[in-house]
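Residue-level listing of the chains:
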Amino acid sequence: MTARLARPRHNRVIAGVCAGIAERFGLAPFTVRLIFLLSCLLPGPQFLVYLALWVLLPQEP
């Protein structure tokens, strides 16, 4: 597990947020994307959290 949460420059679909989370926790990016899409079916601010992470997470060097 890496110590830093960052948006990777590879394996991105939109902004790299799900790929960054997957890398951080040692999961497959597809799994994190699927969990995110399924969570969007529930009420809550998931999309706003994604947008905030897109803005706040730094890109990988």
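Everything here concerns the structure above.
Residues numbered from 1 in each chain as written. Predicted model: local features only at pLDDT ≥ 70, side-chain atom pairs only at ≥ 80, totals over all residues. Heavy atoms only, no water.

Draft legend 1. Local environment of helix H1 (residues 17-25). Residues of H1 that are buried include every one of Val17, Cys18, Ala19, Gly20 and Ala22, and no others. On its buried face, H1 sits against helix H2 (29-39) and helix H3 (46-56). Positive backbone phi, approximately 70 degrees, marks Gly26, located one or two places after H1. (Buried < 20%, exposed > 50% of the residue type's maximum accessible area, 1.4 Å probe, protein only. Helix = DSSP H or I, 4+ residues; strand = E, 2+ residues; numbered from the N terminus. Contact = heavy atoms within 4.5 Å.)

Draft legend 2. Fine view of the nonpolar core. Of all hydrophobic cores here, the largest spans 7 residues; its members are Ala15, Val17, Cys18, Ala22, Val32, Phe36 and Tyr50. Ranked by residue count, the leading element in this core is H1, at 3 residues. (Core = buried A, V, L, I, M, F, W, Y, C linked by side-chain atoms within 4.5 Å.)

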